[in-house]
Amino acid sequence: LVGWNERADAKTETAVFPEPLDPLHRAARECADLSGEDFYDCHGHFGMANQRHVVIDSPKGLLAEMDRTGVRTVCVFHWMAGGDVRRANDVTFQAVRDFPDRYVGFTIVNPNHGEREAKEELERGLRHGMSGVKMVSSIHRYPDDGPVIDQACRFADEHGLFFLNHTWGSVENMRRKVE
């Protein structure tokens with residue numbers, strides 16, 4: 001990876017990797033065409049409004065990237081959720097309607113907006129056929145053990161939804177029981 005950085009010292013030693021573990025590992029390492037493979041991705045984004053590189057920003061554009069890399073289905077949500085959660089979810093709702101066999105939609109909630117808005121957005125996602133709930137409390141700078149996190153977990157459990165959170169905090173937080 002250092003070799004990709006134009007500012008890195010050109011005298012850097014070349015990395016020597018062990019033999020690939022299997023044919024798929026070899027193909028990935030050699031940047032081979034993986035479009036004939038079937039991968040299922042549990043964490044994908046729409047949008048470019050973020051601090052990380054996202055290759056394609058639209059649902060149709062992401063499909064092309066998925067096809068190129070052999071990804072059959074992806075669980076998705078929009079990066080815009082750091083700001084306008086409702087609009088972010090609208091993009092996801094539409095993508096799932098347009099491509100139901102390729103996208104598994106997750107409703108994203110900003111816990112800083114409070115329990116009432118979280119409930120409304122979670123219920124709206126359920127009405128739109130979302131299969132999961134996505135939290136990014138670390139990006140929202142919200143406590144890992146905050147009440148809206150607990151509320152969203154309970155909602156997901158009650159409705160048989162997947163739940164994805166970027167951070168859970170300490171081991172003690174993961175072990176605690178929520179009433």
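The following paragraphs examine the structure supplied in this document. (Residues numbered from 1 in each chain as written. Predicted model: local features only at pLDDT ≥ 70, side-chain atom pairs only at ≥ 80, totals over all residues. Heavy atoms only, no water.)

## Observations regarding the environment of S170
Okay, so step 1: Of note, S170 is situated in the loop between β5 (162-165) and α7 (171-175).
Okay, so step 2: The exposure class of S170 is partly exposed, given its relative accessible area of 37%.
Okay, so step 3: Separated by 26 residues in the primary sequence, S170 and D144 place their C-alpha atoms 8.5 Å from one another. (Helix = DSSP H or I, 4+ residues; strand = E, 2+ residues; numbered from the N terminus. Buried < 20%, exposed > 50% of the residue type's maximum accessible area, 1.4 Å probe, protein only.)

## Here's the deal with the packing of aromatic side chains
Okay, so step 1: Under the definition given, this model contains three aromatic pairs.
Okay, so step 2: Note on F77 and F106: the rings are 6.0 Å apart at their centroids and 65 degrees apart in plane angle, and the pair reads as edge-to-face. Taken together, the positions of F77 in strand β2 (residues 71-78) and F106 in strand β3 (residues 103-108) put the pair 29 residues apart, joining distant regions of the chain. Each of the two residues, F77 as well as F106, counts as buried.
Okay, so step 3: With 6.0 Å between their ring centres and 90 degrees between their planes, F99 and Y103 make a pair best called edge-to-face. Assigned by exposure class, F99 and Y103 land together as buried.
Okay, so step 4: Linked through ring pairs, F77, F106 and F162 together constitute an aromatic cluster. (Phe/Tyr/Trp six-rings, centres within 6.5 Å; stacked < 30°, edge-to-face > 60°.)

## Observations concerning the pairing of strand β4 (residues 132-135)
The side chains of a regular strand alternate, residue by residue, between the two faces of the sheet.
Okay, so step 1: Neither face of β4 is left uncovered, since the one carrying G132 and K134 and the one carrying V133 and M135 both have all their residues buried.
Okay, so step 2: Summarising the sheet, β3 and β4 pair through three bridges and their orientation is parallel. Across the sheet, the residue bridging to I108 is K134, located in β4.
Okay, so step 3: As a crossover connection, the stretch from β3 through helix α4 (residues 115-127) into β4 is right-handed.
Okay, so step 4: By the bridge criterion, four bridges tie β4 to β5 in an arrangement that is parallel. Counted as the bridge partner of K134 is L164 from β5. (Pairing = 2+ DSSP bridges. Right-handed = clockwise from strand over helix to strand, strands pointing away.)

## A look at the packing of α4 against helix α6 (residues 147-158)
Okay, so step 1: Between α4 and α6, whose axes approach to 10 Å, the crossing angle comes to 25 degrees. In terms of orientation, α4 lies roughly parallel with respect to α6. As α4 runs across α6, the sense of the crossing is right-handed. Across from E115, A118, K119, L122, E123 and L126 in α4, the residues of α6 making contact are P147, V148, Q151, A152 and F155. (Axes fitted to C-alpha atoms, helices over the stretch in contact; angles between N-to-C directions. Parallel < 35°, antiparallel > 145°, perpendicular 65-115°, else oblique. Left-handed = near helix turned anticlockwise from the far one by under 90°. Contact = heavy atoms within 4.5 Å.)

## Quick look at helix α3 (residues 85-98)
Okay, so step 1: End to end, α3 covers 20 Å across 14 residues, agreeing with the expected 20 Å (1.5 Å per residue, within 8%).
Okay, so step 2: Of all the residues in α3, the buried ones are V85, A88, N89, T92, F93, A95 and V96. Here the buried residues of α3 occupy an arc of 165 degrees about the axis, which is enough to place them on one side.
Okay, so step 3: Tucked into the core, α3 has its buried residues touching β1 (39-46), α2 (59-69), β2, β3 and α4. (Expected span 1.5 Å × (residues − 1). Arc of directions from axis to C-beta.)

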